[in-house]
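Chains, contacts and geometry: an overview
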Amino acid sequence: MATTYEKVQSTTLNSTQSTVSFTSISGAYTDLVLVLNPIANTAADSYPYIRFNSDSNTNYSRTFYRGTGTVTSADRAVNEDRGYLIGGNVVQTNNAFNGIVNINNYSNTTTFKSYSSRTNSPTGTNASAEGLVGMWRSTSAITNITIYCGSNSFVSGSTFTLYGILKA
Amino acid sequence: MANTYNLISSVTVGSGGASSMEFTNIPQTYTDLLLKVTGRTNKGDLYNDLSIRFNGSSSDFSTLGFVSTGSGKATYTTTSPYVGSINDTGGSGGSNIFSSNDIYIFNYRGSNFKSVSADSAVERNNTGNDEKGLYSTLWSQNTAITTITLVSVGYTLLQYSTACLYGISNA
């Protein structure tokens, strides 16, 4: 049986870091899946986001919906300098926050890149269940993904894994 | 090349139904677990809560749900171990209709609390009877998960309900 879902890179932190990067991502896969179960040093303003290929220009946009336990909402934002994974959720100081991000057709050089993100935190600051679609307006193949903890840091025990999916 | 996405076990409910679908002696060799479920109960309603138990426990859970029926939406928190909705027999559309549930369990053998992301869909090609849900669940226990039980409390899971447990490895 062909292996069609395999680890590309994985990181479990054993110290505090402000970013986690997956670099030199091979173009050999069809799609990517980023799985994260991080822990923040502080929850306030720990809005997780990514940047592709270190692009910090205003090439990102997102549309999301969320439920906080008491309020449902939906919104969008355009021309951002980062690709948020969330609408309002934050990385918590325990490992309650989790996220699964699907990045389809990431290595083509013809189209802009879109991603879908499911993030959760049932307890803590800004707790919510969310669905989000984001776009990076670039035709470049994605070779580098950097993950940020808002203006804060990820701490020891945070896990990040990038999987590749093969169509063949 | 490492094989990172493996079927651990699957369950299909037989004739007569079952009170639960259960996985025991889960190997402690993966990073995450993924449950894919299709389900239907004997409750005479539209849909019912799908609940999970880890190591036989239904305690120490926190769940935040966000559901849309197409015409409305709602969000809530509960200490019940909900991970989705499951079809019942009360809705229209016939007996061939089952829910679709994906339940992702992060770092299931780690020493931290266990974090779960779940999506569920109950669709009947009907106005107002259907539901799409996002669920965020935390089990505030540090012990490794070795047994998973799926139930719809108080009701019977009907024949052809299925659950497949996959192990996902980052090694």
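Small disclaimer: the values here were computed from a predicted structure and weren't measured.

This part takes up the overall build of chain A. Counting its regular elements, chain A contains zero helices and twelve strands. Counting helices and strands in the order they occur from the N terminus, chain A gives β-β-β-β-β-β-β-β-β-β-β-β. In terms of overall dimensions, chain A is globule-like: its C-alpha atoms have a radius of gyration of 15 Å, near the 15 Å expected for 168 residues. Overall size of chain A, expressed as C-alpha extent along the three principal axes, is 45 × 35 × 30 Å. Looking at the 168 residues of chain A, the share that counts as buried comes to 47%. Looking at chain A alone, contacts between residues at least 24 apart form 79% of all its contacts between residues at least 6 apart.

Moving on to the overall build of chain B. A count of helices and strands for chain B gives zero helices and twelve strands. For chain B, the N- to C-terminal ordering of α and β elements is β-β-β-β-β-β-β-β-β-β-β-β. For 171 residues, the compact-globule estimate of 2.2 N^0.38 gives 16 Å, and chain B sits close to it at 16 Å. The principal-axis extents of the C-alpha atoms in chain B amount to approximately 45 × 35 × 35 Å. When contacts within chain B are restricted to residue pairs at least 6 apart in sequence, those whose partners lie at least 24 apart make up 79%.

This part is about the environment of G167 of chain B. Residues and elements named next belong to chain B. By secondary structure assignment, the location of G167 is in strand β12 (residues 162–168). With 21 C-beta atoms packed within 10 Å, G167 lands in the buried category. Distance from G167 to V11, taken between C-alpha atoms, is 15 Å for residues 156 residues apart in sequence. Beyond its immediate stretch of four places on either side in the chain, G167 contacts N6, I8, P27, Y30 and L33.

The next point concerns the environment of L35 of chain B. All names here are of chain B. In this fold, L35 is placed in strand β3 (residues 32–39). A count of 23 C-beta atoms within 10 Å places L35 in the buried class. As a C-alpha pair, L35 and Y166 span 131 residues in sequence and 6.3 Å in three-dimensional space. If we skip the residues at most four places from it in the chain, L35 touches I103, A163 and L165.

Attention shifts here to the pairing of β3 of chain B. In this sheet, β12 of chain B lies alongside β3 of chain B in antiparallel orientation, the contact comprising seven bridges. Its bridge partner being in β12 of chain B, T38 of chain B is matched across the sheet by T162 of chain B.

Of all hydrophobic cores here, the largest spans 84 residues; its most connected members are L34 and I145 of chain A together with V83, I103 and I105 of chain B. Aside from chain neighbours lying at most four places away, what touches L34 of chain A is V101, I103, I145 and L162 of chain A.

Residues and elements named next belong to chain B. Read across the sheet, four strands follow the order β2-β11-β4-β7 without closing on themselves; strand pairing throughout is antiparallel. The open sheet has two edge strands, β2 (21–23) and β7 (82–87), and neither has a second partner. Pairs of neighbouring strands in the sheet enclose a mean axial angle of 20°, with direction left out of account. Looking at chain direction, strand β4 (residues 47–54) and β7 are connected through five bridges and run antiparallel. Considered in β7, the bridge of D49 is made with S85.

This next bit is on the sheet that holds strand β5 (residues 61–68) of chain B. All names here are of chain B. Reading across the sheet, the eight strands line up as β1-β12-β3-β8-β9-β10-β5-β6 and stay open at both edges, with antiparallel pairing between neighbours. Edge positions in the sheet fall to β1 (5–12) and β6 (73–78), since each has one partner strand and no second. When strand polarity is set aside, the average angle formed by the axes of neighbouring strands in this sheet is 15°. Bridge analysis of β5 against strand β10 (residues 131–139) gives eight bridges, and the strand direction is antiparallel. In the sheet register, G65 faces β10, and the bridge partner there is Y135.

Moving on to the interface of chain B and chain A. Taken together, the contact between chain B and chain A spans 31 residues of the former and 32 residues of the latter. Those elements that place two or more of their residues in the side of chain B that touches chain A are β5, β6, β9 (114–122) and β10 of chain B. Considering only residue class, the side of chain B that touches chain A consists of 13 nonpolar, 15 polar and three charged.

It is worth spelling out the confidence of the model for chain B at this point. Close inspection of predicted coordinates is inappropriate in any region flagged by low pLDDT. Taken residue by residue, chain B gives an average pLDDT of 93. The fraction at 70 or more is 98%. Model confidence for the complex: the whole-complex pTM is 0.95, and ipTM, which rates the interface, is 0.92.

On to unusual backbone geometry, then. Trans is the common state for peptide bonds, and a negative phi is the common state for residues other than glycine. All names here are of chain A. Even without glycine at this site, S24 takes up a positive phi of about 50°. Tracing the chain through its elements places S24 in the loop between β2 (19–22) and β3 (31–37). Among the residues examined, S24 registers 9 C-beta atoms within 10 Å and is labelled exposed. Although it is not a glycine, S54 sits at a positive phi angle of roughly 60°.

Within the secondary structure, G67 of chain A sits in strand β5 (residues 60–67). Residues G67 of chain A and G88 of chain A, 21 residues apart in the sequence, show an inter-C-alpha distance of 9.9 Å. When near neighbours in sequence (up to four residues on either side) are disregarded, G67 of chain A contacts T72, S128 and A129 of chain A together with L64, G65, F66, T75 and L134 of chain B.

Cut-offs and rules
- Residues numbered from 1 in each chain as written.
- Chains lettered and ligands numbered in written order.
- Predicted model: local features only at pLDDT ≥ 70, side-chain atom pairs only at ≥ 80, totals over all residues.
- Helix = DSSP H or I, 4+ residues; strand = E, 2+ residues; numbered from the N terminus.
- Rg over C-alpha atoms; globule rule 2.2 N^0.38 Å.
- Buried ≥ 20, exposed ≤ 12 C-beta atoms within 10 Å, placed from the backbone.
- Contact = placed C-beta atoms within 7 Å.
- Pairing = 2+ DSSP bridges.
- Core = buried A, V, L, I, M, F, W, Y, C linked by C-beta atoms within 7 Å.
- Axes fitted to C-alpha atoms, helices over the stretch in contact; angles between N-to-C directions.
- Nonpolar A, V, L, I, M, F, W, Y, C, P; charged D, E, K, R; others polar.
- pLDDT = per-residue confidence, 0-100.

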